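Breakdown of the fold
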Amino acid sequence: MEITEIKDLLAQFDTSSLTEFDLKDGSFELYFNKNSDSRKGTVPQTASQSQAPVTGAVPAAPVATNHLAEKALVSNESLPQTAPAPLQAEGTAIASPVVGIVYLQPSPDKPAFKAVGDRVKKGEVVCIIEAMKVMNEITSDIEGEITAVLVENEQVVEFNQPLFKVKEG
């Protein structure tokens, strides 16, 4: 893939409503992400095989042929910088059981299921994760107070990614 093609893809991704884009072709991999995830303080990941934070220009992926590796550079000049990492919240994590899109509200016009400071009981719904067009209610397996919401509404989450921190009691 030529650098001009990568720049065109980045420009189209930047103006689109997509929050994540992943392209794989053999050993070549290109990954764009607009999400602010639970690893606050890192620059959004762009074009990286190991998905390490982007600093300066990063090769899109280690590839077998050198001419692709030399041309597949993406600059992060136009990427937004995130705020410094907040102090770690205490408590037990409620993790995502599936990969999907998290919804912190039952519908766009309704308040969030749970916010920081709210009490949660065992079995109570804390969010919904859409996976393969199926809405999965995520329930708390512990009882206590929400100390942190570690994801944003409509963010793509991974399997076992922490969603909330709950101080038991």
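Scope of this entry: the structure provided in the associated data block.

About the cut-offs
Residues numbered from 1 in each chain as written. Predicted model: local features only at pLDDT ≥ 70, side-chain atom pairs only at ≥ 80, totals over all residues. Heavy atoms only, no water. Helix = DSSP H or I, 4+ residues; strand = E, 2+ residues; numbered from the N terminus. Buried < 20%, exposed > 50% of the residue type's maximum accessible area, 1.4 Å probe, protein only. Areas by Shrake-Rupley, 256 points an atom, 1.4 Å probe, with all protein chains shown as cover. Salt bridge = Lys/Arg side-chain N within 4 Å of Asp/Glu carboxyl O. Pairing = 2+ DSSP bridges. Contact = heavy atoms within 4.5 Å. Core = buried A, V, L, I, M, F, W, Y, C linked by side-chain atoms within 4.5 Å. Expected span 1.5 Å × (residues − 1). Arc of directions from axis to C-beta.

So, on to the overall build of the protein. Assigned secondary structure in the protein consists of two helices and twelve strands. Secondary structure elements in the protein, listed N-terminal to C-terminal, are α-β-β-β-α-β-β-β-β-β-β-β-β-β. Counting the 169 residues in the protein, one finds 33% classified as buried. For the protein, the computed accessible surface area is about 10100 Å², with 54% contributed by carbon and sulfur atoms.

Counted according to the given criterion, the structure contains three salt bridges. With a shortest N-O distance of 3.7 Å, Lys-167 and Glu-90 are connected by a salt bridge. Taken together, the residues Lys-167 in strand 12 (residues 162–168) and Glu-90 in the loop between strand 4 (73–74) and strand 5 (92–95) connect sequence positions 77 residues apart.

So, on to the pairing of strand 2 (residues 28–33). Within strand 2, six of the six residues are buried, which leaves the element mostly enclosed by the surrounding structure. Burial of the side chains of strand 2 extends over both faces: Phe-28, Leu-30 and Phe-32 are buried on one face and Glu-29, Tyr-31 and Asn-33 on the other. Bridging between strand 1 (residues 20–25) and strand 2 involves six bridges; their strand directions are antiparallel. The residue bridging Glu-20 from the neighbouring strand is Asn-33, located in strand 2. In this structure, the hairpin formed by strand 1 and strand 2 is closed by a connection of two residues, where Gly-26 is found at a positive phi of approximately 65 degrees.

Sheet architecture is open: four strands sit in the order 9-8-6-11, paired in antiparallel fashion. Two strands lie at the open edges of the sheet, namely strand 9 (134–139) and strand 11 (156–157), each paired on one side alone. Note: strand 8 (residues 125–131) against strand 9, six bridges, orientation antiparallel. Paired with Ile-128 across the bridge in strand 9 is Glu-137.

Another aspect to go through is the environment of Gly-144. In this fold, Gly-144 is placed in strand 10 (residues 144–149). With relative accessibility at 0%, the residue Gly-144 sits in the buried group. It is 5.4 Å that separates the C-alpha atoms of Gly-144 and Lys-167, two residues lying 23 residues apart in sequence. Ignoring anything within four residues of it in the chain, the contact list for Gly-144 reads Asp-118, Arg-119, Val-120, Val-166, Lys-167, Glu-168 and Gly-169.

Core analysis: the largest hydrophobic core is formed by 15 residues, its most contacted members being Val-102, Val-126, Cys-127, Ile-138, Leu-163 and Phe-164. Residue assignment for this core shows that the elements contributing at least two residues are strand 8 and strand 12. Counting six residues, the second-largest nonpolar core is a separate cluster that includes Ile-6, Leu-10, Phe-28 and Phe-32.

Quick look at helix 1 (residues 3–15) now. When the terminal C-alpha atoms of helix 1 are compared, their 19 Å separation across 13 residues agrees well with the 18 Å that a helix rising 1.5 Å per residue should span. Three or more residues of helix 1 are buried, namely Ile-6, Leu-10 and Phe-13. What you see down the axis of helix 1 is that its buried residues fit within an arc of 65 degrees, all on one side. Helix 1 presents Thr-4, Lys-7, Gln-12 and Thr-15 as exposed residues on the side facing more than 90 degrees away from its buried surface.

Purely geometric numbers; function is a separate question.
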